[in-house]
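Fold and geometry: a report
Listed here are the chains, written in short residue letters.
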Amino acid sequence: MNLTDEFFEHLNELKPFKIEFTDVDDKYHQVNCTAKKVSEDYILLSPPGEILPDLEDNAAINLIIPKTNSILTAQCSFLEKEINKPYGIKISYPYNIEVHERREYIRVSLHLRVQVTCTFGGNLQEKENFYTKTRNISGSGLCFLSEKSLEGCDDNIQCKIYLNDGNSEPVSVKCNYVYSRKVKVKNNILYMSALSYRSISEEDSARIVKECFKYQIRHKHAELG
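In this text the structure is predicted, and so the values were computed from the model without any measurement.

Let us look at the overall build of the protein chain. When helices and strands are tallied, the protein chain shows two helices and 13 strands. Split into buried and exposed, the 225 residues of the protein chain put 48% on the buried side. When the accessible surface of the protein chain is split by element, carbon and sulfur atoms take 44% of a total near 12600 Å².

In structure tokens:
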């Protein structure tokens, strides 16, 4: 079964999934919904118990379908609200369907400036403090390149992530070490390190997830020309 067939099978079985979008006020949302109707030229979604905010015409909407070992995503466009019964929103047929590794959030190759501060063995004199850029990031963690491995560091890593969202204040997050692996970049040996978020505010988490969503939309639009 190809991805398109798998996607429509899920919709036709009326199984729940999630949609994510930004409204006319540029606020990010992720809500649960189901498909009420699959028509010849549109799909009618009915988010249970949710009052949808206003969306711009042709606003991008991501459909997120959890699978056993992966996540299926599809990008669609908002068409209009359906105010008659059955109430819901009409969206276009998907023009990009992808499968991702099973993660809480989709990881994107967004390069953001980040300040990393960590210590080793509880010794403040063995503190590393450096700036780098993320290689990829999600709502649950990030990866970056550094000259030194973070193996053996304490689970008390502080990161300040500078987003491109018009807010000059960086996102501050406490992280746990996941791994550091050697990589060769232009004949230099560096380390690709991965961190997971241990403590992050809801506001900062929303800022990161919103930036990832916007990057994903821009990237897909660029691919489509």
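Having seen the model, we can carry on.
Taken as a whole, this structure holds six salt bridges when the rule is applied. One salt bridge in this structure joins Asp26 and Lys210, with 3.1 Å as the shortest N-O distance. With Asp26 in the loop between β1 (17-22) and β2 (28-38) and Lys210 in helix α2 (residues 202-224), the pair connects residues that are 184 residues apart, well separated along the chain. For Asp26, a relative accessible area of 34% gives the class partly exposed. Because the salt bridges share partners, they merge into one network encompassing Asp26, Lys210 and Lys214.

Enumeration over the complete set of coordinates arrives at two aromatic pairs. The positively charged end of Lys90 is found above the aromatic ring belonging to Tyr42, 4.5 Å away from the centroid. Over the ring of Tyr162 we find Arg113; its NZ or CZ atom is 5.0 Å from the centre of that ring.

One finds Ile137, Leu142 and Ile161 to be the most contacted residues of the largest nonpolar core, which totals 25 residues. Those elements giving two or more residues to this core turn out to be β8 (113-120), β9 (123-137), β10 (141-146), β11 (157-162), β12 (171-185), β13 (188-199) and α2. Element by element, the count of residues in this core is highest for β8, at four residues. If we skip the residues at most four places from it in the chain, Ile137 touches Ile106, Arg107, Val108, Leu110, Leu112, Leu142, Ile161, Tyr197, Ile208 and Cys212. Formed by 24 residues, the second largest nonpolar core is a distinct cluster that contains Ile19, Leu63, Phe78 and Ile91.

When you line up the elements, Phe21 lands in strand β1. Separated by 41 residues in sequence, Phe21 and Asn62 have C-alpha atoms that sit 6.6 Å apart. Not counting residues up to four positions away in its chain, the partners in contact with Phe21 are Lys27, Tyr28, His29, Val31, Leu52, Pro53, Leu55, Ala60, Ile61 and Phe213.

Moving on, we get to unusual backbone geometry. A positive phi angle, near 65 degrees, is found at Asp26, a position not held by glycine. With phi around 65 degrees, Asn58 is a residue other than glycine that occupies positive phi space. Assignment of secondary structure puts Asn58 in the loop between β3 (43-46) and β4 (60-66).

Quick look at the side chain of Asp23 now. Position of Asp23 relative to the elements: it lies in the loop between β1 and β2. No salt bridge forms around the buried Asp23; measuring N to O, its nearest opposite-charge neighbour Lys27 is 6.2 Å away. At a separation of 2.9 Å, a polar atom in the side chain of Asp23 contacts the main-chain amide nitrogen of Lys27. The contacts of Asp23, once residues within four sequence positions are left out, are His29, Pro53 and Asp54.

Glancing now at the pairing of strand β6 (residues 88-91). Alignment of β3 against β6, held across three bridges, turns out to be antiparallel. Paired with Leu44 across the strands is Lys90, a residue of β6. Sheet topology note: the strand β5 (residues 70-82)/β6 ladder contains four bridges and is antiparallel. Opposite Phe78, over in β6, you have Ile91 as the bridge partner.

Reading the values: rules and limits
Along each chain, numbering runs from 1 in the same order as the chain's sequence is written. For a predicted model such as this one, the threshold for reporting local features is a pLDDT of at least 70, and the threshold for listing and counting side-chain atom pairs is 80 or more; totals across whole chains, interfaces and linings nevertheless cover every residue. Side-chain numbers here rest on the full set of heavy atoms in the structure, without hydrogens or water. Numbering of helices and strands runs from the N terminus; a helix is a DSSP stretch of H or I covering at least four residues, while a strand is a stretch of E covering at least two. Throughout this description, buried means an accessible area under 20% of the type-specific maximum (1.4 Å probe, protein chains only), exposed means over 50%, and partly exposed covers the range between. Here the open area of atoms and residues is found with the Shrake-Rupley method and a 1.4 Å probe, where only the protein chains shown may cover a residue. Just to be clear on terms, a salt bridge is a Lys or Arg side-chain nitrogen sitting within 4 Å of an Asp or Glu carboxyl oxygen. Aromatic rings from Phe, Tyr and Trp, with only the six-membered ring used for Trp, were paired whenever their centres fell within 6.5 Å, and each pair was classed as stacked if the ring planes differed by under 30 degrees, edge-to-face if by over 60, and tilted otherwise. Comment: the charge-over-ring label is applied if NZ (Lys) or CZ (Arg) is within 6 Å of the ring centre and within 35 degrees of the ring normal. Here, the term nonpolar core denotes a set of buried Ala, Val, Leu, Ile, Met, Phe, Trp, Tyr and Cys residues that are joined through side-chain atoms within 4.5 Å. Any two residues whose heavy atoms approach within 4.5 Å are treated as being in contact. Charge convention: Lys and Arg are scored as positive, Asp and Glu as negative, and His as well as the terminal groups of each chain are ignored. Two N or O atoms form a polar contact when they lie within 3.5 Å of each other; inside protein one atom must be a possible hydrogen donor and the other a possible acceptor, and for residues adjacent in sequence the pair counts only when both atoms belong to side chains. Think of it this way: DSSP has to see at least two bridges between two strands before they count as a pair.

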